[in-house]
Amino acid sequence: MSYTNFKIETDADGIALVTWDMPEKSMNVLTQEVMAELDSIVDQTSGDPAVKGVVITSGKSSFSGGADLTMIKSMFAIQAEEKAKDPATAAQKLFDLAGRLSSLFRKLETSGKPWVSAINGTCMGGAFELSLACHGRVASNAKSVKIALPEVKVGIFPGAGGTQRVPRLTNTQDALQMMTTGSSLTASRAKALGLVHDVVDPDKLIDAAKGMIKNGLKPVQPWDEKGFKLPGGGIWTPASAQLWPAASAILRRETYGNYPGAIAILKSVYEGLQVPFDTGLRIEQRYFTEILQTTEAFSMIRSLFISMQELGKGARRPAGVPKTELKKVGVVGAGFMGASIAYVTAAAGIPVILIDRDMEAAGKGKAHSEGLVKDSIGKGRLTKDEGEALLSRITPSADYGDLKDADLVIEAVFEDRQVKKDVIEKVEAVIAEDTIFASNTSTLPITGLAKNSNRPDRFIGIHFFSPVEKMMLTEVILGKETGDRALAAALDYVAAIKKTPIVVNDTRGFYVNRCVFRYIHEAYDMLIEGVPPAMIENAAKMAGMPVGPLSLNDEVAIDLSQKILKATIADLGEKAVDPRHMAMIDKMVDEFDRRGRKNGKGFYEYPAKPAKKYLWPGLKELYPQKDADKIDVEVLKRRFLATIALEAARTMEEGIVTDPREADVGSILGFGFAPYTGGTLSYIDGMGANAFVELCEKLAEDYGHHFKPIPLLKDMAEKGDTFYGRFNPYGEAQKAA
Ligand code: NAD
């Protein structure tokens, strides 16, 4: 028999080598078709007496990324339609679908033939669950091999046997840790945990896998053998009595109960380990069905997987513009940001000219990369040769003439209109006619800066976030006259450095910072109301924000906030800023010299390491404090999420952000907006525009007019619209789910 996605070769020893290699895909994924073919392969191999055993591997550099989440997304749409017609049948259908992969894997492991998974590269999610159903697992020791069950990161959980097999192979604590964090294991760590049997050199992988079969590997899993004992000792043991209360407490501490998928892992393991394996699988299937119906699963899959991939692949790239070959990039300004931009560009294999006012400053910028490279070599992330090659791609210079053959120039000089004007003129005097000029400004509108350019159609904003090496997002900002070629080139560059772009129209603060300042300003309001500072920080984290607003403001620098507030007043008038905010920040900076982390004094105190930062006790003296027991923490949580989401909605109303995917992905990657919501607009869509408008109206009554719902939202509430329906990113042709 022949298959589209698999190739089967049976050797003289009767071992069938099944190579998974999907045509026209860079990575194998579990689709309906793959499942159907795998099902037939199990039938074929188990029914053929000549086949002694099966080795499954991949024909690609990675083993597989797991289940095709696009398939899961379409399942949501079908489910929603069917649920409206007949909820009971829809639930049964979903239950059957949710168990499809699991029963296929169970069929494979009870087929009577020994199966070995030869893990040649990254093996994620459903693909690792497939491997777990094999009787043997051998992994290559190549650096690229990563093994993980990362489903929790997109709101679901390992629902194809993962929650039952992992804790039957390794101790419960490690099993829970692996699945609730979704973190990756190296091959050797997986072996130490008992999750793979052997780790070998890449060229010995298939032989080692076949060797297991030749050595008499039994086609029976340990849990199907009589007398099987759980490696963790089972639920009713003294060790478990210690572990389980701590496990749920830790999960609560890390996630504040915001991730139903993570909670389901605990339940599935706890309940599943008390019953026979097949019953355990059924328990898992029930929880999986339940989780698939949560708003969190739907929104997280959409934003954190589908949309992120679509944006990364250039969803917003103008059609018909040829790909920009970036043979050389210029970075002007080798300071904090410029030095890092040079590093990520060189790390992507692109030669960089790094310019500053003199050679000393330019050299200092390159030294940043030297430090990072040294660190990476020390940690084994780069070889010495790779590190040297990376550094050789960065040429420090004080001569603008060196930019003459650059394809793209990014400026990251002081945030000063005049300095930027000089730089734009100097750069444009030397670069070629079609070179694109990008500014990394964080506050100056691009259209205004482009007035200094004699080619505004090739002028654009590429706004990086700090730390550049870590932050996955870049905001690409269109000035009024920015043309398609500049946009395409900027997106090609962002793709080359492997970051996710969002494309935003020009406005003060662009998208991300507008939202971030709403978050911080809500905390200012709370401080002024007398909410205890620790409660402000904790409520934000309970709402799902990774960093409390006061801590974030310390990182950004409080004097920078002061500068921005003053500039806003200067540009837009006194009314544009809450005078209480201005007074508080003036006090913090001018009276107490509390500028943030950078001077060791902000909303927090920063004692010498290893001591941890703590909230500045003087903060409580600034405003009369309320009794914490009389403050509803749920209201504080809602205020944070609502004020940010409302700002995101304003950017849509104003046409600053035009695609809901960008608002959502930008909010999660840019400032960690409660990822379980799927992002700012999914948060609104998730509760419905009507409920959101009601929430905002109530908050406006109690906490100020900045919560007043905007006309767009009121209209959406009236019509029952969602952002993804009204601003359908896929156009008319395809209804957004
Ligand atoms: P910085 O002060 O650390 O670096 C600026 C660099 O520009 C300095 O090395 C300076 O010597 C150099 N420079 C000044 N005038 C120059 C000239 N005429 N020619 C060549 N080099 C010149 O500042 P930074 O924090 O890196 O910020 C740079 C830009 O990036 C600003 O526009 C800022 O708004 C923006 N930005 C900053 C952040 C951040 O977190 N710091 C984030 C996003 C964007």
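Small disclaimer: the values here were computed from a predicted structure and weren't measured.

1. Quick word on the domain arrangement of the protein chain
Part 1: Split by domain assignment, the protein chain resolves into domain 1 (6–293), domain 2 (329–509) and domain 3 (513–726).
Part 2: Using only C-alpha atoms to locate each centre, domain 1 and domain 2 end up separated by 43 Å.

2. Some details on the packing of aromatic side chains
Part 1: Within this structure, the stated rule accounts for 16 aromatic pairs.
Part 2: With a centroid separation of 5.3 Å and an interplanar angle of 25°, the aromatic rings of Trp223 and Phe277 are classed as stacked. Remark: Phe277 occurs in helix 12 (residues 277–292) and Trp223 occurs in the loop between helix 9 (205–214) and helix 10 (238–255); sequence separation between them is 54 residues. In this pair, the class of Trp223 matches that of Phe277, namely buried.
Part 3: Each ring, one from Tyr604 and one from Tyr606, has its centre 6.5 Å from the other, and the planes form 45°; the classification is tilted. Exposure class is identical for Tyr604 and Tyr606. Each is buried.

3. Observations regarding the pairing of strand 15 (residues 473–478)
Looking down a regular strand, the side chains alternate between one sheet face and the other.
Part 1: Taking burial as the measure, the six residues of strand 15 include six buried ones, the bulk of the element.
Part 2: Taking every second residue as pointing to the same face, both faces of strand 15 are buried, with Leu473, Glu475 and Ile477 on one and Thr474, Val476 and Leu478 on the other.
Part 3: The sheet contact formed by strand 14 (residues 459–464) and strand 15 spans four bridges and is antiparallel. Across the sheet, residue Gly461 finds its bridge partner in strand 15, namely Ile477.
Part 4: Strand direction decides the pairing type here: strand 15 and strand 16 (residues 500–505), joined by six bridges, are parallel. Each bridged residue has a counterpart across the sheet, and for Val476 the counterpart in strand 16 is Val503.
Part 5: Between strand 15 and its parallel partner strand 16, the chain crosses via helix 19 (residues 484–496), and the hand of that crossover is right-handed.

4. Overview of the pattern of salt bridges
Part 1: This structure, assessed with the given rule, holds 48 salt bridges.
Part 2: Across the pair Lys379 and Asp375 runs a salt bridge whose closest N-O atoms are separated by 3.3 Å.
Part 3: Judged by relative accessible area, which is 52%, Lys379 ranks as exposed.
Part 4: Residue class for Asp375 comes out partly exposed when judged on its relative accessible area of 42%.
Part 5: With a shortest N-O distance of 2.8 Å, Glu654 and Arg514 are connected by a salt bridge. Here Glu654 is found in the loop between helix 26 (633–653) and helix 27 (660–671), whereas its partner Arg514 is found in helix 20 (residues 512–529), with 140 residues between them in sequence.
Part 6: Among the charged side chains, a network of salt bridges with common partners joins Arg106, Glu109, Arg165, Asp224 and Asp278.

5. Quick notes on unusual backbone geometry
Part 1: Put simply, Ser466 and Pro467 share a cis peptide bond, and its omega is -5°.
Part 2: Counting through the fold element by element, Pro467 comes out in the loop between strand 14 and strand 15.
Part 3: Along the chain, Lys609 connects to Pro610 via a cis peptide bond; the corresponding omega equals 10°.
Part 4: Not every positive phi belongs to a glycine, and Glu24 is a case in point at roughly 55°.

6. Concerning the nonpolar core
Part 1: Ile147, Ile156, Phe603, Phe692 and Leu713 are the most contacted members of the largest nonpolar core, which totals 185 residues.
Part 2: By residue number, the principal contributor to this core is helix 26, which donates eleven residues.
Part 3: In contact with Phe692, other than residues within four places in its own chain, are Ala642, Ala645, Leu646, Tyr683, Ile684, Met687 and Leu713.
Part 4: Ala346, Val476, Ile497 and Val503 belong to the second-largest nonpolar core, a separate cluster that totals 38 residues.

What counts, and where the lines are drawn
Residues numbered from 1 in each chain as written. Predicted model: local features only at pLDDT ≥ 70, side-chain atom pairs only at ≥ 80, totals over all residues. Heavy atoms only, no water. Domains from an automatic or database assignment. Phe/Tyr/Trp six-rings, centres within 6.5 Å; stacked < 30°, edge-to-face > 60°. Helix = DSSP H or I, 4+ residues; strand = E, 2+ residues; numbered from the N terminus. Buried < 20%, exposed > 50% of the residue type's maximum accessible area, 1.4 Å probe, protein only. Pairing = 2+ DSSP bridges. Right-handed = clockwise from strand over helix to strand, strands pointing away. Salt bridge = Lys/Arg side-chain N within 4 Å of Asp/Glu carboxyl O. Core = buried A, V, L, I, M, F, W, Y, C linked by side-chain atoms within 4.5 Å. Contact = heavy atoms within 4.5 Å.

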